[in-house]
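Take a look at the letters that make up each chain.
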Amino acid sequence: MATYYPQTVVYEEKKVTFWALLFVLFFIGLVFFLVYYVSEFMGYLIFLPLIGLFFGIFATYNMAFYSVKIFDDKTIQFGFPAWNKKLQPSEINSIEEISYHPIREFGGLGWRIGRGRKNGKWRIGYMVWLQKGIEIEATNGKYYVFGTDNPQEIPVSYTHLRANETEADLVC
């Protein structure tokens, strides 16, 4: 039976996008407006725009909180609370520091899919308003791009963990 233990976070970076939280307040104001002023005209059909507004609140709230984590077992997790990706070390071919433009290359912010610059392959992006990021090539052929404030720190932390693992294997 496999032994499970709690993972320890080696590197963590969090980003809160406050303008997205302002959109949440705007959406909540729209809900109150629709319910209070328009409900007598629309009757039971008021639920249709409310469903769309609640989805907008959910999506915008999730995209307001962004995090990047590296765990002691060399697992990398990045993304938003409801839309994140966790890659095991066996799933990673390479990690590379890149600069990117979220609007030009991915068409916006949030969870996006865009074309790669080098090889023209599709890349899955977890975009925040940063110009530097990390590109991970996975063993399944997918490329993941995510923004970070410290793009030099993530490859260094990851290779440091790999070096510690190989030293431990040599000692045993």
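Preceding block: the structure.
**Section: the sheet that holds strand β5 (residues 92-99)**
One open sheet holds the 5 strands; their spatial order is β5-β8-β9-β7-β6, and the pairing between them is mixed. Pairing within the sheet leaves two strands with one partner each, and these edge strands are β5 and β6 (110-115). Neighbour-to-neighbour, the strand axes of this sheet turn through a mean angle of 25°, independent of strand direction. By the bridge criterion, 4 bridges tie strand β7 (residues 122-127) to strand β9 (residues 143-147) in an arrangement that is parallel. Paired with Ile-124 across the two strands is Tyr-144, which belongs to β9.

**Digging into the environment of Asn-140**
Its place among the elements puts Asn-140 in the loop between β8 (132-138) and β9. Here Asn-140 falls in the exposed class, since its relative accessible area comes to 53%. Each C-alpha atom, one on Asn-140 and one on Asn-93, is 9.2 Å from the other, the two residues being 47 residues apart in sequence. Among the polar contacts made by the side chain of Asn-140, one reaches the main-chain amide nitrogen of Lys-142 at a distance of 3.1 Å.

**Side note on the nonpolar core**
Nonpolar side chains in soluble globular proteins generally cluster together in the buried interior. Counting residues in each nonpolar core, the largest one holds 25 residues, and the members touching the most others are Phe-78, Tyr-126, Ile-136 and Phe-146. Val-24, Leu-34, Leu-50 and Ile-57 belong to the second largest nonpolar core, which has 9 residues in total.

**What about the sheet that holds strand β3 (residues 76-79)?**
Within the open sheet, the 4 strands sit side by side as β1-β2-β3-β4. Their pairing is antiparallel. Strands at the two margins of the open sheet, each flanked by one partner only, are β1 (9-16) and β4 (84-87). Averaged over all adjacent pairs, the angle separating strand axes in this sheet is 10°, with direction ignored. Pairing of strand β2 (residues 65-71) with β3 involves 4 bridges; the strand directions are antiparallel. Residue pairing across strands places Lys-69 opposite Gln-77, the latter belonging to β3.

**Focus: unusual backbone geometry**
At Lys-74, a position not held by glycine, the phi torsion is positive, near 70°. The residue Lys-74 is located in the loop between β2 and β3 in this model. Exposure remark for Lys-74: the relative accessible area of 9% places this residue in the buried category.

**Here's the deal with the packing of helix α1 (residues 18-42) against helix α2 (residues 47-64)**
Two elements in contact, α1 and α2, have axes separated by 9 Å at closest approach and are oriented at 170°. By the criterion of interaxial angle, the relationship of α1 to α2 is roughly antiparallel. Contact residues: α1 offers Ala-20, Leu-21, Phe-23, Val-24, Phe-27, Ile-28, Leu-30, Val-31, Leu-34, Val-35 and Met-42, while α2 offers Pro-49, Leu-50, Leu-53, Phe-54, Gly-56, Ile-57, Thr-60, Tyr-61 and Ala-64.

**Considerations on the packing of aromatic side chains**
Aromatic ring pairs: the centre-centre distance and the angle between the two ring planes describe each pair. One pass over the full model with this rule turns up 9 aromatic pairs. When the ring of Phe-80 is compared with that of Tyr-126, the centres are 6.3 Å apart and the planes differ by 40°; the resulting orientation is tilted. Taken together, the residues span a long stretch of sequence, with Phe-80 in the loop between β3 and β4 and Tyr-126 in strand β7 at a distance of 46 residues. Pair check on accessibility: Phe-80 and Tyr-126 agree, each one buried. Taken together, the aromatic side chains of Tyr-66, Phe-78, Phe-80, Tyr-126, Tyr-144 and Phe-146 make up a single cluster linked through ring pairs. The cationic tip of Lys-86 hangs over the ring face of Phe-71; the distance from NZ or CZ to the ring centre is 5.0 Å.

Basis of the calculations
- Residues numbered from 1 in each chain as written.
- Predicted model: local features only at pLDDT ≥ 70, side-chain atom pairs only at ≥ 80, totals over all residues.
- Heavy atoms only, no water.
- Pairing = 2+ DSSP bridges.
- Helix = DSSP H or I, 4+ residues; strand = E, 2+ residues; numbered from the N terminus.
- Axes fitted to C-alpha atoms, helices over the stretch in contact; angles between N-to-C directions.
- Buried < 20%, exposed > 50% of the residue type's maximum accessible area, 1.4 Å probe, protein only.
- Polar contact = N/O pair within 3.5 Å; in protein donor to acceptor, adjacent residues only side chain to side chain.
- Core = buried A, V, L, I, M, F, W, Y, C linked by side-chain atoms within 4.5 Å.
- Parallel < 35°, antiparallel > 145°, perpendicular 65-115°, else oblique.
- Contact = heavy atoms within 4.5 Å.
- Phe/Tyr/Trp six-rings, centres within 6.5 Å; stacked < 30°, edge-to-face > 60°.
- Lys NZ or Arg CZ within 6 Å of the ring centre and 35° of its normal.

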